[in-house]
Amino acid sequence: MAFELPKLPYDYNALEPYIDEQTMRIHHTKHHQAYIDKLNGAVKGTDWESKKIEEIIAKLNSVPENIRGIVRNHGGGHYNHSLFWEMMAPNAGREPKGKIGDEIKKTFDSFSEFKEKFKAAGIGQFGSGWAWLVVNKGELEIVSTPNQDNPLTGGKVPVLCVDVWEHSYYLKYNQRRADYIDAWWNVVNWKKVEELYAKEEK
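All residue numbers here refer to positions counted from 1 along the written sequence of the relevant chain. At least 70 in pLDDT is required for a residue's local features to be given in this predicted model, at least 80 for side-chain atom pairs to be given and counted, and no such filter applies to totals for whole chains, interfaces and linings, which use all residues. The side-chain figures draw on all heavy atoms in the structure; neither hydrogens nor water molecules are used.

## What to know about the packing of helix α4 (residues 98–108) against helix α8 (residues 190–200)
Contact geometry of α4 with α8 gives a least axis separation of 8 Å together with a crossing angle of 85°. Between α4 and α8, the angle falls in the class roughly perpendicular. Here Gly98, Lys99, Ile100, Glu103 and Ile104 of α4 come into contact with α8, specifically with Trp190, Val193, Glu194 and Tyr197. Three classes are used: nonpolar for Ala, Val, Leu, Ile, Met, Phe, Trp, Tyr, Cys and Pro, charged for Asp, Glu, Lys and Arg, and polar for all others, with Gly counted as polar. For the contact of α4 with α8, the class distribution of residues is 5 nonpolar, 1 polar and 3 charged. An axis is simply a line fitted to the C-alpha atoms; with a helix, the fit covers only the stretch in contact. Between two such axes, the angle follows the N-to-C directions and lies from 0 to 180 degrees. Put simply, DSSP H or I for four residues or longer makes a helix, DSSP E for two residues or longer makes a strand, and each gets a number counted from the N terminus. Under this scheme an angle from 65 to 115 degrees is roughly perpendicular, one under 35 degrees roughly parallel, and one over 145 degrees roughly antiparallel; angles in between are oblique. Residues are treated as being in contact if the distance between any of their heavy atoms lies within 4.5 Å.

Laid out in structure tokens, this is it:
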């Protein structure tokens, strides 16, 4: 069965004023759809066509070499964006509660310290890419990846991510990636982060 563009769990303008409507429309309907179209073209007629995208990304080294590059870029783009949309919500942000909030403070000393380190990972990612909060062998860790690469390929499980490709912020923030990340904290869906973390908690 072909991969399909997931419906956003909110309206395109729901994240205003932090993430603008025009960016959300283009990002979702153009960029994400393009990744899906290329992914479907690559896996059509193969055993990978019927697998879940999480499994494909986790087992990327098993994908046939002749389509691996396309699957890495466009399958990664599909998985990353599908997760990214859920990382955000209107009337969200603030400070995380529950076990994920406690673990962030334990691991990074404070929530403000975590935010600074996570922001630094996003700003420091040269060119296009992502910053992630992952669970690695039961511990929280901040990492960044280039292009559409994903921590799943290395056995780490993402629980939070921010897209730092220019198409995710340039219309509103121009080259000011730091300002975009500062604004993005206001729409982080900590309930989803807590849900993902709970699945990995030992």
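From this point, the discussion proceeds with the structure in view.
## Notes on the packing of aromatic side chains
Two aromatic rings, drawn from Phe, Tyr or Trp (for Trp, its six-membered ring), form a pair once their centres lie within 6.5 Å of each other, and the interplanar angle then sorts them: stacked below 30 degrees, edge-to-face above 60, tilted otherwise. Summed over the entire model, instances satisfying the criterion amount to 15 aromatic pairs. Their ring planes at 45° and their centres at 5.7 Å tell us that Phe84 and Trp85 sit as a pair that is tilted. The criterion for a charge sitting over a ring is simple: Lys NZ or Arg CZ within 6 Å of the ring centre, and within 35 degrees of the ring normal. The ring centre of Trp48 lies 5.6 Å from the NZ or CZ of Lys51, which sits over that ring. Cation over ring: Lys172 sits above Tyr173, and NZ or CZ is 5.8 Å from the ring centre.

## Description of the nonpolar core
Inside soluble globular proteins, nonpolar side chains tend to come together where they are buried. Working definition of a nonpolar core: buried Ala, Val, Leu, Ile, Met, Phe, Trp, Tyr and Cys residues. They are joined through side-chain atoms within 4.5 Å. Only protein chains enter the area calculation, which uses a 1.4 Å probe; residues under 20% of their type maximum are buried, those over 50% are exposed, and those in between are partly exposed. In this structure, Met88, Phe114, Leu160 and Trp184 are the most contacted members of the largest nonpolar core, which totals 61 residues. Non-local contacts of Met88, meaning those with residues more than four positions away in its chain, are made with Tyr10, Leu15, Ile19, Met24, Trp184, Val187 and Asn189.

## Here we look at the sheet that holds strand β3 (residues 157–163)
Paired strands, as defined in this entry, are two strands with at least two bridges between them according to DSSP. Read across the open sheet, the 3 strands follow the order β2-β1-β3; overall the sheet is antiparallel. A strand with exactly one partner marks an edge of an open sheet, and here the two such strands are β2 (139–146) and β3. In this sheet, neighbouring strand axes are inclined to one another by 20° on average, regardless of whether the strands run parallel or antiparallel. As judged from the 6 bridges shared by strand β1 (residues 129–136) and β3, these two strands associate in the antiparallel manner. Residue pairing for β3: Val134 is matched across the bridge by Pro158. On the sheet, α4 packs against β1 and β2 and is oriented at approximately 80° with respect to β2.

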